Amino acid sequence: MSAESATQIARAGAKACISQNGAGSLCLRSCAGIDVTHESKIQPTEALISSSSVIAAGAASAHGALVEDAHKVVHFVGACGAGMSALLQYRLLGGGRATGSDRSFDRGEQQPARERLEALGARIHPQDGSGIPGADLVVASTAVEADIADLARAREMGKPLVARADLLAHHVAGPSLAVAGTSGKSTVTAMTFEILRHSGRDPGLIAGGRLRAVTALGLLGNAWRGSGPLVFEADESDGSLVRHQPEAAVVLNLQRDHMEPDKVLEQFRTFRARTRGPFAVGDDPNLQDLRPGAVVFGFGPEAAVRAESLDLRRDDLSFRIGRQAFRLPLPGLHNARNALAAAALCHACGVPFATSAEALSAYHGVLRRFDRAGTVRGVDVIDDFAHNPHKLRAVLALAASRSERVLAYFQPHGYAPTRFQWNDLIAVLSGSLRPADRLWIAPIYYSGGTVAKDVSSDGLVGELRARGAPVELAPDRGRWIEEVRARAATGDTVLVLGARDPTLPDLARAVVVALA
């Protein structure tokens, strides 16, 4: 299906919903099987916002009329980012007008993403302020520096400014299901979306990862406009999680990722209190505070929704919830837990476990989540988004369970995350590699902007080697591909790991070509 056709279908669904329920409201047909109508508005709330925030919290509420008016032009600064591109598409799929800018577009990068946004109707401008005069509202995230040309021009012209997180909070204030946690959000969001879709509830989607079920429709994959409840990722990384008031929610887990766990738990407590309906929580010991009154899921005896008879195989997995059998076409203990989370959330919202099992048996997946780029001469080449210590441990363990040797390429995804996770990265990487395995660490990915470059991959390699880990620096991708081609043997798994850099999938495909 073409992007144009997908747009027409999504817009028709949105119009049907409005005609049934009235402008500015949405009808929830999932949670507990009850129809509940909520105004699509939120009140400003205090938030744990990063000091780099350029826009005051609550701005979307103050400019709700502009957001809801499809004839107004909304300009998205950083339009290629995962969160921003989803919101831009969500507006276009609802029949609204949108423009955008991104410094990666200015560098000639991410052209396929640009083409898909333009095919939906977005007009892309250079990030030099030229897109601001025609905009009625400007949206930016905390990742954008306050002094860039677009924002400087917007302030100069007196254009209303809205934070990305506030615009998301505005959209999800109606019927919505939120997925939170430090790992697994994209996968559980995708699973929840596919379950609700299979159940006939026609969900919407705002996600960080790209769902194959949506890319198959000619879209980027991280947004869809449905007439039913909106499924979305609730991100804790910038403190904006506390702005959301979802109809139902799940918190998956809590590890040290973007900030200290006690700060994230503080957000989760507020998020729990602001959730208006069913709430599910993983049996992670770090989430004990969230359990009272919640549906607890997991593998232990304290879980109300418990997975039993777990069977992890090379390419799939199965388990039972009570008498209901589940079988999924993807491997890994972490994915069994992800499926359990999605089934628990949807069950709390009135979806039978049998329906979830049917949907997940044909689960389409998320791009760059243990994605097999190819198998050549008995060597599997896998592309994966793993970038923080918890995700790296999970993917390295999965690869080790199915191969005699792992040859992994890892690109740290930014200076600030690498600095914050330094000790955890060293502990996880040194503890996850077997003597026969080999890890190459690439230079830290830098996407631009102001940042202190006071850590390096060279330093990371040095500390890992001091612990006896089989690690090397990989400053040149071409040479690394040649080295892998020379070393790889039948039974090996080659991993390409990292986030943010859009060329990593290309690297995985290049390895497949070289091995052939």
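Colleague: Lay out the overall build of the protein chain in plain terms, naming residues and giving numbers.
Modeller: Along its length, the protein chain carries 19 helices and 24 strands. Evaluated residue by residue, the protein chain yields a buried proportion of 56% over its 516 residues. Counting contacts in the protein chain only where the partners sit at least 6 residues apart, residues at least 24 apart contribute 70% of the total. Carbon and sulfur atoms make up 50% of the accessible area of the protein chain, which totals about 19,700 Å².

Colleague: So what's going on with the side chain of N335? Which residues, and what values?
Modeller: Along the polypeptide, N335 turns up in helix α12 (residues 333-348). Residue contacts for N335: discarding those within four places in its chain leaves T187, M191, L317 and L330.

Colleague: So what about the sheet that holds strand β7 (residues 161-163)? Which residues, and what values?
Modeller: Taken in spatial order, the five strands of this open sheet run β5-β4-β3-β6-β7, and their pairing is parallel. Since the sheet does not close on itself, it has two edges, and those belong to β5 (123-124) and β7, each with one partner. As paired strands, strand β3 (residues 73-77) and strand β4 (residues 97-101) are joined by five bridges and run parallel to one another. Across the sheet, V73 pairs through a bridge with R97, a residue of β4. Sheet contacts for helix α8 (residues 164-171): β3, β6 (137-140) and β7; angle to β7, the most-contacted strand, approximately 75°.

Colleague: Please set out helix α9 (residues 185-198) residue by residue, giving values where relevant.
Modeller: Taking 1.5 Å per residue, 14 residues should reach 20 Å; α9 reaches 20 Å between its end C-alpha atoms and fits that length. For α9, the buried fraction is high: 12 of the 14 residues fall into the buried class. All of the buried residues along α9 are K185, S186, T187, V188, T189, A190, M191, T192, F193, E194, I195 and L196. Immediately downstream of α9, the backbone of G200 shows phi near 85°, a positive value.

Colleague: I'd like a rundown of the packing of aromatic side chains, residues and numbers included.
Modeller: Scanning the entire structure with this criterion turns up five aromatic pairs. Consider the rings of F319 and F326, whose centres lie 5.0 Å apart with planes at 10°: the pair is stacked. Residue F326 is classed as buried on the basis of its relative accessible area of 2%. Their ring planes at 65° and their centres at 6.3 Å tell us that Y415 and Y446 sit as a pair that is edge-to-face. Taken together, the residues Y415 in helix α15 (residues 415-420) and Y446 in the loop between β22 (438-441) and α17 (457-466) connect sequence positions 31 residues apart. In this structure Y415 comes out as buried when scored by relative accessible area, which is 14%. Its relative accessible area of 34% is what places Y446 among the partly exposed residues. Among the aromatic residues, ring-to-ring pairing joins Y409, W440 and W480 into one connected group.

Colleague: How would you explain the nonpolar core if you had to name every residue and give the values?
Modeller: With 95 residues, the main nonpolar core has F76, F268 and F319 as its most contacted residues. Apart from the residues within four sequence positions on either side, F268 is in contact with A180, G181, E236, L241, V251, N253, L254, L287 and L290. Grouped together as the second largest cluster of nonpolar side chains are 29 residues, A386, V395, W422 and A469 included.

Colleague: Explain the packing of helix α14 (residues 389-401) against helix α16 (residues 422-432) to me, using residue names and the numbers behind them.
Modeller: Orientation of α14 relative to α16, taken along the N-to-C sense of each, is 5°, at an axis distance of 9 Å. What the angle tells us is that α14 and α16 run roughly parallel. For the pair formed by α14 and α16, the contact residues are P389, L392, R393 and L396 on the first element and D424, L425, V428, L429 and S432 on the second. Grouping the constituent residues of the contact of α14 with α16 by class yields six nonpolar, one polar and two charged.

Cut-offs applied
Residues numbered from 1 in each chain as written. Predicted model: local features only at pLDDT ≥ 70, side-chain atom pairs only at ≥ 80, totals over all residues. Heavy atoms only, no water. Helix = DSSP H or I, 4+ residues; strand = E, 2+ residues; numbered from the N terminus. Buried < 20%, exposed > 50% of the residue type's maximum accessible area, 1.4 Å probe, protein only. Contact = heavy atoms within 4.5 Å. Areas by Shrake-Rupley, 256 points an atom, 1.4 Å probe, with all protein chains shown as cover. Pairing = 2+ DSSP bridges. Axes fitted to C-alpha atoms, helices over the stretch in contact; angles between N-to-C directions. Expected span 1.5 Å × (residues − 1). Phe/Tyr/Trp six-rings, centres within 6.5 Å; stacked < 30°, edge-to-face > 60°. Core = buried A, V, L, I, M, F, W, Y, C linked by side-chain atoms within 4.5 Å. Parallel < 35°, antiparallel > 145°, perpendicular 65-115°, else oblique. Nonpolar A, V, L, I, M, F, W, Y, C, P; charged D, E, K, R; others polar.

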